[in-house]
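Now for the letters of each chain:
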Amino acid sequence: MGAIYKKEIRNYFCSPIGYMYIAVFMCLTPMFFTQINLAGQTSGMSGMFYYINIVYIFLTAILTMGMIAEERNKHTDHLLLSAPLNITEIVLGKYLAAISVLGITVVLSLIYPVIIGRYGSASFGRMFSCYLGFTLLWMLFISIGMFISSLTESQFIAAVVTFGILFALLMTENFISNISNQTLANFITACSPINRFNDFQIGIVFFGHIIYFLSFTALFVFLTIQNVDRRRFTE
Amino acid sequence: MDNIKQPVIEIKNLTKKYGNNLAVDKISFTVNRGEIVGFLGPNGAGKSTTMNMLTGYLSATSGSARIDGYNILSNPKEVKQMVGYLPEQPPLYMDMTVMEYLNFVFDLKKVKLTKVSHISEIIEMTKLGKVQNKLIKNLSKGYKQRVGLAQALVGNPEVLILDEPTIGLDPMQIIEVREMIKKFGENRTVIISTHILQEVNAICDRVVIINKGKVVAEDTIEHITKKNGEESAFQLRVHTDEKTASSVLSRAKDLIEEFKPMSRRESGATDFIVYTKGEQDTRAGILKHLVDNGIDVLMLRPVEMTLEEVFIKTVNSSDKKVGKGVEA
């Protein structure tokens, strides 16, 4: 797993993807921070995270599009699958590498709480809750992107589909009011990650929400492993 | 020397099904320790599928493949540790240098040798020293293929499985790669798939021919070409024009079954393919007949068997057997 992880990290930072991911994040967030927190005179970070989420849909689609699809497309999966390690190690190595790139941006964004703490009155408990919710949400979304990347050989298709699905998931609360069937609406609300994310944003950390994010993330990692294994039987 | 005949690779009734399509149909053969076996067959015969199953890239529908006693299904890690695999398209990461790539493969295969010395040994064996710090995407096809070979050698595997290692290379590179494979085969067991009989002749001890997912022949090269060889076909070169030679040849009906002019190879000379009559060697008779009729013979040699010819013969006869079986 270590070898895969190192290779993936190397791949992110020897290609423009890793830099682009971080650079776009570091260019856009100061804009949101200045507009919402500094000009708006607020220490709440939920407004900033709302906008970051939209930027992240694009960035995550690009980050995850090649995770599995590229190996198949370039036939390097032959090397990985004929090496003495199991598929779980391959997929986990890749997932952890992508999470690490996310982690880098999260750590870099800690500059904003520091600024607020230095010049304003900050509720660090609420900030922590915001950050926790944000990290859990994108850990889940990266696992979904990875799963989609395992379904196709084309990075382009993976990116477009990931973008579409993440966008729909993020926007559930906006279209839920249009659904007249109450049972369906309740079901979607119960499954929607964004409702739980919103609880984190107002400073509520439900243990159940954490379990929800972690278990769904595990589910998509598991589905990716199963899908890579399935191909060994059908292709 | 006792372990020379010991089977290292044992394939039994290995089958791969895609829906209703049988890609590999109950293939069985064994490869002994230290042997270099050529795996022949036309495109789509199931060569790559078989190799992919042997290396664990694909899972078999039924049957078993064992390497050194370990089953690929129940002990995949042990098997994979023993096998070096070069797939049809070398699995290279284009944005790595040769050195970085081999280091990665070393880590990936969890090799327990000394990294630096092992990798430099492989680089020396595959003559990659000059390009070791170049990006793989900037290498020529021949070098890329060598990097693919180097990758298969990482960890000193006992068994090498090479899927068409010389495809798309120029003649010089083909010879180089063949020499390397021959050298690697000195203390390893090698399966190499190919279309080219020459290649098998140059490096293999034995051949397994497959067609439509079935083994149709398995023997030493000598046996297989003898069994299938058209010993009755010769290439004849005479020092005269086609018309004269044809009229003389057509008079030797009791010696010659058929003859066809070939394209001109030498100025002032004409080439023919001559099929002699019956099973007997009538070369001496033909020569005498030509000389008696005042024609200078420049060359008379058996026509070399190509894989296509051996293959068509083998496949045809196997198809006939299958046909009979169905009728019965």
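Scroll up for the structure.
Along every chain, residues carry numbers that run from 1 in the direction the sequence is written. Here every chain gets a letter starting at A, and every ligand a number starting at 1, in the order they are written. Local features in a predicted model are, by the rule used here, given only for residues with pLDDT of at least 70; side-chain atom pairs are given and counted only at 80 or more, and totals for whole chains, interfaces and linings are based on all residues. Heavy atoms from the whole structure form the basis of all side-chain values; hydrogens and water molecules are not counted.

(A) Structural detail: the overall build of chain A. Helix and strand definitions follow DSSP, with helices as H or I runs of at least four residues and strands as E runs of at least two, each counted in order from the N terminus. Across its full length, chain A carries 13 helices and zero strands. Listed by position from the N terminus, the elements making up chain A come as α-α-α-α-α-α-α-α-α-α-α-α-α. Computed over the C-alpha atoms, the radius of gyration of chain A is 19 Å, within 12% of the 18 Å expected from 2.2 N^0.38 for a compact globule of 235 residues. Dimensions of chain A along its principal axes, counting C-alpha atoms only, are 55 × 45 × 30 Å. Expressed as a percentage of its 235 residues, the buried residues of chain A come to 49%. Residue contacts are counted whenever heavy atoms from the two residues lie within 4.5 Å of one another. Pairs at least 24 apart in sequence give 76% of the contacts found in chain A among residues at least 6 apart. When the accessible surface of chain A is totalled, it reaches about 10400 Å², and 71% of it is carbon and sulfur. In this treatment the radius of gyration is a C-alpha quantity, and the globule benchmark scales as 2.2 Å times the residue count to the 0.38 power. Here the term buried applies to any residue with accessible area under 20% of the maximum for its type, exposed to any over 50%, and partly exposed to those in between, with areas from a 1.4 Å probe on protein chains only. For the accessible areas, the method is Shrake-Rupley and the probe is 1.4 Å, while residue cover comes only from the protein chains on display.

(B) Focus on unusual backbone geometry. Residue and element names in this part refer to chain B. Unlike most non-glycine residues, K26 shows phi in positive territory, near 50 degrees. With respect to the element layout, K26 can be found in strand 2 (residues 21-32). Among the residues examined, K26 registers a relative accessible area of 58% and is labelled exposed. The phi torsion at D68 lies on the positive side, around 55 degrees, for a residue other than glycine. Here D68 falls in the partly exposed class, since its relative accessible area comes to 28%.

(C) Inspection of a nonpolar patch on the surface at higher detail. Residues and elements named next belong to chain A. The residues that make up patches have over 30% relative accessible area and no salt bridge, and they are joined within 9 Å when like-charged or within 5 Å when they are Val, Leu, Ile, Met, Phe, Trp or Tyr. Between Lys or Arg on one side and Asp or Glu on the other, a salt bridge is scored when a side-chain nitrogen of the former is within 4 Å of a carboxyl oxygen of the latter. Together, F156, I157, V160, V161 and I165 make up a nonpolar patch on the protein surface, roughly 460 Å² of accessible area in all. Structurally, the position occupied by I157 is in helix 9 (residues 155-170). A residue is classified by how much of its surface remains accessible, and I157, at 45% relative accessible area, is partly exposed.

(D) Spatial organisation of the packing of aromatic side chains. Residue and element names in this part refer to chain A. Only Phe, Tyr and Trp rings are paired, with Trp represented by its six-membered ring, and only when their centres lie within 6.5 Å; those with planes under 30 degrees apart are stacked, over 60 edge-to-face, the remainder tilted. The final tally for this structure, using the stated rule, is 21 aromatic pairs over all chains. On the numbers, 5.1 Å between centres and 80 degrees between planes, the contact of Y212 with F213 is edge-to-face. On the accessibility criterion, F213 (0% relative accessible area) is buried. A network of ring pairs unites the aromatic residues Y21, F25, F49, Y56, Y131, F134, W138 and F141 as a single cluster. In this analysis the charged atom, NZ for Lys or CZ for Arg, is taken to sit over a ring once it is within 6 Å of the ring centre and within 35 degrees of the ring normal. Between the NZ or CZ atom of R196 and the centre of the ring of Y212, over which it lies, the distance is 4.0 Å.

(E) Looking closely at the environment of M127(A). Residues and elements named next belong to chain A. Relative to the assigned elements, M127 resides in helix 8 (residues 124-149). Here the alpha-carbon distance between M127 and F187, two residues 60 residues apart in the chain, equals 29 Å. Filtering out sequence-adjacent residues up to four positions away, M127 remains in contact with S43, M45, P113, I116 and A122.

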